[in-house]
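Architecture at a glance
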Amino acid sequence: MTETVTTLNRLDVIESLMRQKKLKNYLEIGVANGHIFFRVKSPFKLAVDPAFSFDRLRRIGKALINPANLANQYFEKTSDAFFAEDADRVIGKKPLQLALIDGMHEYQFALRDVENTLRYLSDDGVIILHDCNPLTPGAAVPYDEWVEGQWNGDVWKTILHLRSQRPDLNVFVLDTDQGLGIVTRRKPETVLNFTPAQIDALSYDDLAKNRAHWLNLKSPEYFYTYFGVEK
Ligand SMILES: C[S@@+](CC[C@H](N)C(=O)[O-])C[C@H]1O[C@@H](n2cnc3c(N)ncnc32)[C@H](O)[C@@H]1O
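Residues numbered from 1 in each chain as written. Predicted model: local features only at pLDDT ≥ 70, side-chain atom pairs only at ≥ 80, totals over all residues. Heavy atoms only, no water.

Per an unreviewed UniProt entry, the protein is named Class I SAM-dependent methyltransferase, and its organism is Larkinella rosea.

Observations regarding the pairing of strand β2 (residues 44-48)
Let me state the cut-off plainly: Partly exposed describes any residue whose relative accessible area lies between the buried limit of under 20% and the exposed limit of over 50%, with all areas from a 1.4 Å probe on protein chains only and scaled to the type maximum. Secondary structure counts use DSSP, requiring at least four H or I residues in a row for a helix and at least two E residues in a row for a strand, with both numbered from the N terminus. Here a strand pair is declared whenever DSSP counts at least two bridges between the two strands. Looking down the strands as they point away from you, a crossover is right-handed if its path from the first strand over the helix to the second goes clockwise.
The buried count for β2 comes to four of five residues, which makes it a mostly enclosed element. By the bridge criterion, five bridges tie strand β1 (residues 25-29) to β2 in an arrangement that is parallel. Counted as the bridge partner of N25 is F44 from β2. The sheet contact formed by β2 and strand β3 (residues 73-75) spans three bridges and is parallel. Following the sheet pairing, V48 is matched in β3 by F75. Regarding the hand of the β-α-β motif, the stretch spanning β2, helix α2 (residues 56-65) and β3 is right-handed.

A closer look at the packing of aromatic side chains
Here is the rule: Aromatic rings from Phe, Tyr and Trp, taking only the six-membered ring of Trp, are treated as a pair when their centres fall within 6.5 Å; an angle between ring planes under 30 degrees marks them as stacked, one over 60 as edge-to-face, and anything in between as tilted. A ring is considered to have a charge above it if a Lys NZ or an Arg CZ atom is located within 6 Å of its centre and within 35 degrees of its normal.
All told, the structure shown has 20 aromatic pairs when counted by the stated rule. Ring centres 5.0 Å apart and planes at 65° place the aromatic pair F38 and F54 in the edge-to-face group. You can see F38 sitting in the loop between β1 and β2 and its partner F54 sitting in the loop between β2 and α2, a full 16 residues away along the chain. Comparing F38 with F54, the two get one shared label, buried. When the centroid spacing of 6.2 Å and the interplanar angle of 35° are considered together, the rings of Y143 and W146 count as tilted. Grouping aromatic residues by their ring pairs yields a cluster made of Y26, F37, F38, F52, F54 and Y74. Across from the ring centre of Y74, 3.9 Å away, lies the NZ or CZ of R59, which sits over that ring.

Side note on the site of the ligand
Applied cut-off: Whether a residue is near a molecule or strand is decided by its heavy atoms; if any one of them lies within 4 Å of it, the residue is near. Any pair of N or O atoms that falls within 3.5 Å is considered a polar contact. Within protein, one atom must be able to donate a hydrogen and the other to accept it, and sequence-neighbouring residues count only if both atoms are side-chain atoms. In this description, accessible areas are obtained by the Shrake-Rupley approach with a 1.4 Å probe, and a residue is regarded as covered only by the protein chains that are shown.
Taken together, 16 residues lie near the ligand, and R10, E28, G30, D49 and D102 sit nearest. At a separation of 3.4 Å, an oxygen atom of the ligand approaches a polar backbone atom of A32. In the environment of the ligand, a nitrogen atom lies 3.0 Å from a nitrogen or oxygen atom belonging to the backbone of S79. Calculation on the ligand without its partners gives an accessible area of 600 Å², and the protein chains cover 80% of this total.

Thoughts on the nonpolar core
Quick note on the threshold: Put simply, a nonpolar core is a bunch of buried Ala, Val, Leu, Ile, Met, Phe, Trp, Tyr and Cys residues held in one set by side-chain atoms that sit within 4.5 Å of each other. Any two residues whose heavy atoms approach within 4.5 Å are treated as being in contact.
Formed by 41 residues in total, the largest nonpolar core has its most connected members in L27, F82, L129, W156 and L160. Residues within four places of W156 in sequence aside, it is in contact with C132, P134, A140, L202, S203, Y204, L207, W214 and L215. Y26, V31, I128 and Y226 belong to the second largest nonpolar core, which has 30 residues in total.

Let's talk about the pattern of salt bridges
Cut-off, in case you're wondering: Criterion for a salt bridge: a side-chain nitrogen of Lys or Arg within 4 Å of a carboxyl oxygen of Asp or Glu.
What the rule picks out here adds up to eight salt bridges. Among the salt bridges present, the one from R10 reaches D177, with a minimum N-O distance of 3.0 Å. Of this pair, R10 sits in helix α1 (residues 10-20) while D177 sits in the loop between β6 (170-174) and β7 (180-184), placing them 167 residues apart in sequence. Overall, the relative accessible area of 16% leaves R10 in the buried class. Here E85 and K77 are joined by a salt bridge, their closest N and O atoms 2.7 Å apart. Residue classification places K77 among the partly exposed positions, given a relative accessible area of 21%.

Considering the sheet that holds strand β5 (residues 121-129)
What links the strands of a sheet is backbone hydrogen bonding, and the strands pair in either a parallel or an antiparallel sense. How we decide: Helix axes are fitted to C-alpha atoms over the stretch in contact, other axes to C-alpha atoms as well, and angles between N-to-C directions run from 0 to 180 degrees.
One open sheet holds the eight strands; their spatial order is β3-β2-β1-β4-β5-β7-β6-β8, and the pairing between them is mixed. The sheet is open, and its two borders are formed by β3 and β8 (217-218), each paired with just one other strand. The sheet contact formed by β6 and β7 spans five bridges and is antiparallel. The partner of V173 across the bridge, within β7, is G181. Against the sheet, helix α6 (residues 155-165) contacts β5, β6 and β7, and its axis sits at roughly 150° relative to β6.

Observations regarding the pairing of β6
Most of β6 is tucked away: five of the five residues are buried. Burial along β6 is two-sided: the face carrying N170, F172 and L174 and the face carrying V171 and V173 are both buried. Examined bridge by bridge, β6 and β8 share two bridges and lie parallel to one another. By the bridge assignment, L174 is partnered in β8 with K218.

Printed below as a string of structure tokens:
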């Protein structure tokens, strides 16, 4: 009998790829308190967030627990400012291998984060896009309308955009942990045909009716098959 993956979260995905693919660097956009960032074992880590929820003491404490944190570089600014002001110098000619995009959960913001990250991503690099699969209308509203509870925004529209406009990328969403979008430079298995204007006009109800098809939704198991990594 095949073993079923009941839980798989972004940290599992990051750790599996880091360890088994021997990746050497990591970018996280939207870091908050560093719940994920500080756990990642990589000798070159970049943290970008306009409002980190930790101070110098926590950084030092985390370096004691995980020595990989000694060399961390922190950019307390928006991702747009990071890419405009720092990325060329900091990333230089050593392409990124893994990035978690988890900053402002709105279509155009997440799209810019993906497109900017792609400028620095190695040919076999991987982008993980968090919050791609909102399960309620309340979780999918724009930031200004968000009241309480889970907020995924409309990052799902970024997935539709990439699947429609970027035939050089393979994009799917793992049906776990709020929807983990996976972006790689591989031939897409299937594509969509939306224009950006059409995507803008779509509603949560439209997503709910077409979720599996539009998001190219995959079971968590698919992660292991796609990347050829072990559980
Ligand atoms: C959901 S939290 C990130 C959680 C974290 N990645 C984790 O997995 O634990 C979102 C973060 O994005 C940050 N953020 C908001 N707008 C941003 C922007 N324009 N650029 C980068 N980060 C942003 C917020 O300050 C917040 O800390």
